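A look at the structure
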Amino acid sequence: MNVEELLRRGVSSLKAYVPGRSIEEVAAEYGLSEVVKLASNENALGPTPGAIDAIRGALDGLHRYPDGGAKALAARLAQKLGVSPACVFMGNGGDDVLSVLSRTFLDEGDEVVIPRPTFSPYAHVSRVMGAKVVFSPLREMRIDLDDVFTRISGRTKIVFLCSPNNPTGGILAEGELVSFLEKLPEGLLVLLDEAYGDFADDPAYPDSVSLIERFPLVVLRSFSKIYGLAGLRVGFAVSREDVVGYMNRVREPFNVNQLAQAAALAALEDDDYKERAVALVREGREALYAAFGGMGIEFVESQANFIFVRVGDGDAATDALMREGVIVRPGSAFGHPEWIRVTVGLPEENERFLSKLKGFL
Ligand SMILES: Cc1ncc(COP(=O)(O)O)c(C=O)c1O
């Protein structure tokens, strides 16, 4: 049997997502006892402590199915955000939200508009559904909404916007976002990915949830970054009730597992952890900027927990750093081979990265 003949159209040209390499892999390959991972924008503080206690407390209930739709979690989020629980869609990570969104709305022949470079799964989930991806290049490392607008056609169903953008870290300011939304034609959705929004301190960063009634917005957020729960997989979307209702028809019945729901509910009450995580990133960003300035290398100011830095040969830098026990993401993964993306870590992790980077340069 030739399996290729059975594939849905477009699947044979898809490529599997390549995640950042794990600490264990790198330690084993290079015989290192200590490895620092600054490659996947994880939270350097470790998981929210309250979440760990909640997971222990939930273990005895694992023979039962979880709350399908994670209704208790959605209700608590809705309360915090000041929206109806029917406006909150819960996913098995933000990745699941993207997948369900594309499966709910995209058909063969539809188009999506995606700035580039950005988070690669937007293009992937769209292509899986047979949609055509239209890219909009960044201008001076910023999403160019005027250019995005010119690429919208009668076939466009979804515009994907990431703010702060991964890998460049810039935000869409409230003014530019609202003007863009105001001039949009009818009949399309805007996915606004705010996975890193909690780290933003620019006063122009919008309260996007307050815009969901006026505009066709689907706001995506994640527990992976700000709450340090990447390994559990919890993310969510906030949008109009009808959008969320259709996405709930498409998702798997029990897409958010029991432990993840318990942990996320507890994490939401851990304001102290959240404040520490935000402070660590903001201080770390400043320290890294100062060091990059001192080394005379270019970087993009970031509102997220990572920084895009121009090091000359990004692949060579990534490789040299890895041999020294520091994992970063090469810019070549985003079409910018002279750059690397480094996650803001603990002060000692940032120091280690900087000293190895100096050695490379
Ligand atoms: C911009 C962006 N959106 C969404 C995600 C997905 O996050 P999650 O872990 O919730 O699937 C990531 C993860 O790196 C990301 O960088």
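All values reported here derive from a predicted model rather than from experimental measurement.

**A word on the side chain of serine 163**
Position of serine 163 relative to the elements: it lies in the loop between strand E5 (156-162) and helix H7 (174-183). When its relative accessible area of 2% is taken as the criterion, serine 163 is described as buried. At 2.9 Å, the side chain of serine 163 forms a polar contact with the backbone nitrogen of leucine 172. Setting aside residues up to four positions removed in sequence, serine 163 forms contacts with Gly170, Ile171, Leu172, Leu192, Asp193, Glu194 and Tyr205.

**Remarks on the sheet that holds strand E6 (residues 189-193)**
Taken together, the seven strands give an open sheet; going across it, the order is E2-E8-E7-E6-E5-E3-E4, and neighbouring strands pair in mixed fashion. One side of each edge strand has no neighbouring strand; the edge strands of this open sheet are strand E2 (88-91) and strand E4 (132-137). If you compare each strand with its neighbour and ignore which way they point, the axes differ by 20° on average. As paired strands, strand E7 (residues 217-222) and strand E8 (residues 235-238) are joined by four bridges and run antiparallel to one another. Bridge pairing links valine 219 to valine 238 in E8. With respect to the sheet, helix H5 (residues 121-128) is in contact with strand E3 (111-116), E4, E5 and E6, its orientation differing from that of E4 by roughly 160°.

Conventions used here
Residues numbered from 1 in each chain as written. Predicted model: local features only at pLDDT ≥ 70, side-chain atom pairs only at ≥ 80, totals over all residues. Heavy atoms only, no water. Helix = DSSP H or I, 4+ residues; strand = E, 2+ residues; numbered from the N terminus. Buried < 20%, exposed > 50% of the residue type's maximum accessible area, 1.4 Å probe, protein only. Polar contact = N/O pair within 3.5 Å; in protein donor to acceptor, adjacent residues only side chain to side chain. Contact = heavy atoms within 4.5 Å. Pairing = 2+ DSSP bridges. Axes fitted to C-alpha atoms, helices over the stretch in contact; angles between N-to-C directions.

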